[in-house]
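Examining the three-dimensional arrangement
Residues per chain, in single letters:
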Amino acid sequence: MVRVALIPARGGSQRIPRKNIKPFLGVPILTRVIETLEASGSVDRIVVSTDDEEIADISRNAGAEVPFMRPSDLADNHTGARPVIRHGIGELALADDDVVVVMYPTAVMTTPEDLRSAADMLISEESCEFVLSVAEFPAPVQRALHLSENGEVSPREPEYLLRRSQDLRPAFYDIGQFYWGRVGAWRSGSPVVQAKCRAYVIDQWRAVDIDTPDDWIRAEMVYRVQNA
């Protein structure tokens, strides 16, 4: 079994220009993710899938491989992650029983221990196809509200309005930091959460999604606390 980290890192970014290599507390954010993967000792290879020469150079300088360049038709704003992952698996000629962890360039809150523990969850259970990173919603989803066009409030699930919070079933969401999966499962058409999938739960305060400049500022603040 070969374990490969695949980092999808295209050059285009609309809301944060050059997001995947923007300095994060002085270091390209992609470099920090590569260093986390190296420190985890959980993979045999770290591969970056990119269409951008500058990203490729930064990846190689950080210790990752860029054995192929991603074609332009897989690097636009409309291409989902699965075709990119399948392309990378094909280029690397991986076998179905190999393992790939897909980790995004902005997943700086992930720790080496997170990666090792999630990998163990996948490898230790033969029937498991994927392990993904999740966090618990900070409030009960059963208490969610809908707003009309004029601002009027209506409960999404009114039958739970009088229930105590501690009696409501906790709900979790995919935080998009990393996904461990068997290559055969990645090749299939099944969505990750509808396959034989287990969840690796991360503290909610570390579930920082970086999509806007404000997110970036918050992420740097959280990262400082996490690594103090």
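Quick caveat, the model's predicted, so the values are computed rather than measured.

1. Brief notes about the overall build of the chain
A tally of helices and strands in the chain yields six helices and 10 strands. For 228 residues, the compact-globule estimate of 2.2 N^0.38 gives 17 Å, and the C-alpha radius of gyration of the chain, at 19 Å, lies within 12% of that figure. Along the longest, intermediate and shortest principal axes, the C-alpha atoms of the chain span 55 × 40 × 40 Å. For the chain, with 228 residues in total, the buried portion stands at 44%. Sequence-distant contacts, at least 24 apart, represent 74% of the contacts inside the chain between residues at least 6 apart. Counting every atom, the chain has about 11,800 Å² of accessible surface; 49% of that belongs to carbon and sulfur.

2. Thoughts on the nonpolar core
Leu37, Phe178, Trp180 and Ile210 are the most contacted members of the largest nonpolar core, which has 46 residues in total. Beyond its immediate sequence surroundings of up to four residues, Leu37 is in contact with Ala5, Ile7, Ser42, Val43, Ile46, Val101, Met103 and Leu115. Formed by 19 residues, the second largest nonpolar core is a distinct cluster that contains Val100, Val134, Ala185 and Trp186.

3. Description of the packing of helix α1 (residues 29-40) against helix α4 (residues 112-124)
At a minimum axis separation of 8 Å, α1 and α4 run at an interaxial angle of 55°. With respect to their mutual orientation, α1 and α4 come out oblique. In this structure, α1 crosses over α4, and the sense of that crossing is right-handed. In this structure, α1 contributes Thr36, Leu37, Ala39 and Ser40 to the contact, and α4 contributes Pro112, Leu115 and Arg116. Partitioning the contact of α1 with α4 into residue classes produces four nonpolar, two polar and one charged.

4. A word on helix α3 (residues 81-92)
With 12 residues, α3 ought to run about 16 Å at 1.5 Å a step, and its terminal C-alpha atoms sit 17 Å apart, in line with that. Buried within α3 are the following residues: Arg82, Val84, Ile85, His87, Gly88, Ile89 and Leu92. At its buried positions, α3 is contacted by β1 (3-8), β4 (45-49), β5 (99-103), β6 (130-136) and α5 (183-187). Phi for Ala93, located one or two positions after α3, is positive at around 55°.

5. Some words on unusual backbone geometry
The backbone of Arg18 sits at a positive phi, close to 55°, despite the residue not being glycine. Here Arg18 is to be found in the loop between β1 and β2 (23-24). The class for Arg18 is partly exposed, based on a relative accessible area of 31%. With a phi angle near 50°, Leu25 is a residue other than glycine that sits in the positive phi range.

Rules and cut-offs
- Residues numbered from 1 in each chain as written.
- Predicted model: local features only at pLDDT ≥ 70, side-chain atom pairs only at ≥ 80, totals over all residues.
- Heavy atoms only, no water.
- Helix = DSSP H or I, 4+ residues; strand = E, 2+ residues; numbered from the N terminus.
- Rg over C-alpha atoms; globule rule 2.2 N^0.38 Å.
- Buried < 20%, exposed > 50% of the residue type's maximum accessible area, 1.4 Å probe, protein only.
- Contact = heavy atoms within 4.5 Å.
- Areas by Shrake-Rupley, 256 points an atom, 1.4 Å probe, with all protein chains shown as cover.
- Core = buried A, V, L, I, M, F, W, Y, C linked by side-chain atoms within 4.5 Å.
- Axes fitted to C-alpha atoms, helices over the stretch in contact; angles between N-to-C directions.
- Parallel < 35°, antiparallel > 145°, perpendicular 65-115°, else oblique.
- Left-handed = near helix turned anticlockwise from the far one by under 90°.
- Nonpolar A, V, L, I, M, F, W, Y, C, P; charged D, E, K, R; others polar.
- Expected span 1.5 Å × (residues − 1).

Nothing here speaks to function; it is all geometry.
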